[in-house]
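Listed below are the residues making up each chain.
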Amino acid sequence: MKVVGQNFWYLISGDKNLYKDIIEPLGLQAKEHNEAFIEEKGRLVNLFTNEFIQEFCINGAIDWTGLVEFNSGNFDLKGYYSS
């Protein structure tokens, strides 16, 4: 037996309108969490942007050499060749 939607909620509660009664509070909670998420995301974007500017920009321009060195530089061949 497959019971979904309004029929499911009626089956477990005996209330034909339960599906509508639970949606509104869930929607309000989702809105509150979404607003908090958006605020925190904005804060972190600002934090990471500031960190990037401090580390990898010179006078507002990206220091591509420094960024590439940070991201890809690893010139250490001591473990690869024996003396």
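Throughout what follows, the structure given in this document is the object of discussion. (Residues numbered from 1 in each chain as written. Predicted model: local features only at pLDDT ≥ 70, side-chain atom pairs only at ≥ 80, totals over all residues. Heavy atoms only, no water.)

## Digging into the overall build of the protein
- Helices and strands together make up the secondary structure of the protein, namely three helices and two strands.
- Ordered by position from the N terminus, the helices and strands of the protein form the series α-α-β-β-α.
- In summary, the protein has a C-alpha radius of gyration of 27 Å against a globular reference of 12 Å for 83 residues, an excess of more than 25%.
- Overall size of the protein, expressed as C-alpha extent along the three principal axes, is 80 × 40 × 15 Å.
- Charged side chains of the protein number 7 positive and 12 negative; the gap between the two group centres comes to 13 Å. (Helix = DSSP H or I, 4+ residues; strand = E, 2+ residues; numbered from the N terminus. Rg over C-alpha atoms; globule rule 2.2 N^0.38 Å. Lys, Arg positive; Asp, Glu negative; His and termini not counted. Charge placed at Lys NZ, Arg CZ, Asp CG, Glu CD.)

## Quick notes on the pattern of salt bridges
- In total, this model carries one salt bridge according to the counting rule given.
- A salt bridge links Arg43 to Glu40; its shortest N-O distance comes to 2.8 Å. One end of the pair, Arg43, and the other, Glu40, are both in helix 2 (residues 18-56), three residues apart, so they sit about a helical turn from each other. (Salt bridge = Lys/Arg side-chain N within 4 Å of Asp/Glu carboxyl O.)

## A look at the packing of aromatic side chains
- By the definition in use, this model includes three aromatic pairs.
- Note on Phe8 and Trp9: the rings are 5.0 Å apart at their centroids and 75 degrees apart in plane angle, and the pair reads as edge-to-face.
- Residue Phe8 is classed as partly exposed on the basis of its relative accessible area of 32%.
- Note on Trp9: relative accessible area 30%, which makes it partly exposed.
- With a centroid separation of 5.4 Å and 45 degrees between ring planes, the pair formed by Phe52 and Phe56 is classed as tilted. In this pair, Phe52 and Phe56 both sit in helix 2, four residues apart, roughly one turn of the helix.
- Members of the aromatic cluster, each reached through a chain of ring pairs, are Phe52, Phe56 and Phe70. (Phe/Tyr/Trp six-rings, centres within 6.5 Å; stacked < 30°, edge-to-face > 60°. Buried < 20%, exposed > 50% of the residue type's maximum accessible area, 1.4 Å probe, protein only.)

## Thoughts on the packing of helix 1 (residues 5-13) against helix 2
- For the pair helix 1 and helix 2, interaxial distance at closest approach is 8 Å and the crossing angle is 105 degrees. What the angle tells us is that helix 1 and helix 2 run roughly perpendicular. Every residue of helix 2 that contacts helix 1 at Gln6, Trp9 and Ser13 is listed here: Leu18, Tyr19 and Ile22. (Axes fitted to C-alpha atoms, helices over the stretch in contact; angles between N-to-C directions. Parallel < 35°, antiparallel > 145°, perpendicular 65-115°, else oblique. Contact = heavy atoms within 4.5 Å.)

Honestly, it's all geometry; don't read function into it.
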